[in-house]
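# Secondary and tertiary structure notes
Here is how the chains run, residue by residue.
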Amino acid sequence: MITSTNKVSDSENAGGAFADALTLIRLLATPVIMVLIVWKWPDPQVAILATFLFIIAALTDIFDDWFGGASRSARRRYGWLDDIADTLLITGVLIALSYVLYRNGYFYWAFAVPVGVIVFREVLVGLAKGYELSRYGWPDNILSNAKGGFAMLGTSLLVASPWLTQWIDSLRAGTDRVMEVYNTGSPLIWMAGELSLWVAAIFSIISGFKILSYRRPKEGAA
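Computed from a prediction, not measured in an experiment: that's the story for all the values here. (Residues numbered from 1 in each chain as written. Predicted model: local features only at pLDDT ≥ 70, side-chain atom pairs only at ≥ 80, totals over all residues. Heavy atoms only, no water.)

## Quick notes on the overall build of the protein
Secondary structure summary: the protein contains 7 helices and 0 strands in total. In sequence order, the protein lays out its α and β elements as α-α-α-α-α-α-α. By the burial criterion, 40% of the 222 residues in the protein qualify as buried. Contacts in the protein between residues far apart in sequence, at least 24 positions, make up 75% of those at least 6 positions apart. (Helix = DSSP H or I, 4+ residues; strand = E, 2+ residues; numbered from the N terminus. Buried < 20%, exposed > 50% of the residue type's maximum accessible area, 1.4 Å probe, protein only. Contact = heavy atoms within 4.5 Å.)

This is the structure in C-alpha cells:
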C-alpha cells in the first residue's frame, strides 16, 4: 500500500511539473507573438504564424489546469505564475496590436476603449492586490473566467483577421465577383473580435470591482 501511495504521489508531482512547463511556454510565447505583430502584422503570412502561436499559448492555459490542478495546487512549484502568464499574454498582444494600428493611422475609439479597460483593469488589480493574489490566488469569480474567455477569443480573432478575412473574401468572390469583393473587404472578423473585447471589458469592470473589494477572512475566523 505504501508503494502504491508513493506511485500516485510521483504521478501527481509529474503532472504538476508538466503544468508548470505549459505555463512557461505561455510566458515565452508572448514576446514572440508581440514581436511578430510589431514586425509585419497585418501581413497574412505573419498573421497566420502569430495566430498559431497565440492559439497554442491559449491552449496551454486550459491544459496546465487539466494536468496539474489549480494554480495554487501543492503539486505545482510555479503555479503562481499561471495568472501572470494569462495577464501578460492578453495585455501584451493587445498592446502590440494597438501600437501597429496607431503607427499606421488606424487607432480609433471603438478599439481603444475596450483595450484600455482590459489593460487598465489587469494593471490595477495586479498593483493593488499583487501580493495577496500571488499567495492565495484570485477569489472564485465566474465573471473573471468569462472575461478571460472573451478576451482570448477577441484577441485571437483580431490577430487572425488579415488571413481569415482574405479566406472569407475568397469564398464570397467565387468566379464572377472578384473585383467587387476585394475592393470592399469583409469587416466581419475584425468586428467580431472587437465585440468580444467589448464584452470582456464589461466583465473586466465588474469582476475587477469584485476582486478589489474582496476581503479575505482572517485566519482562525469562524
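Moving on, there is more to tell.
## Concerning helix α7 (residues 188-212)
For an α-helix, the turn length of 3.6 residues means that residues three or four places apart are oriented alike. Look at α7: 36 Å from first C-alpha to last across 25 residues, which is about the 36 Å you get at 1.5 Å a residue. Residues of α7 that are buried: I189, W190, G193, E194, S196, L197, A200, A201, S204, S207, G208 and I211. (Expected span 1.5 Å × (residues − 1).)

## A closer look at the side chain of S161
In this structure, S161 sits in helix α5 (residues 142-173). S161 gets classed as buried once you look at its relative accessible area, which sits at 7%.

## Concerning unusual backbone geometry
Residue P42 follows W41 across a cis peptide bond; omega there is 15°. In this fold, P42 is placed in the loop between α1 (2-40) and α2 (44-68).

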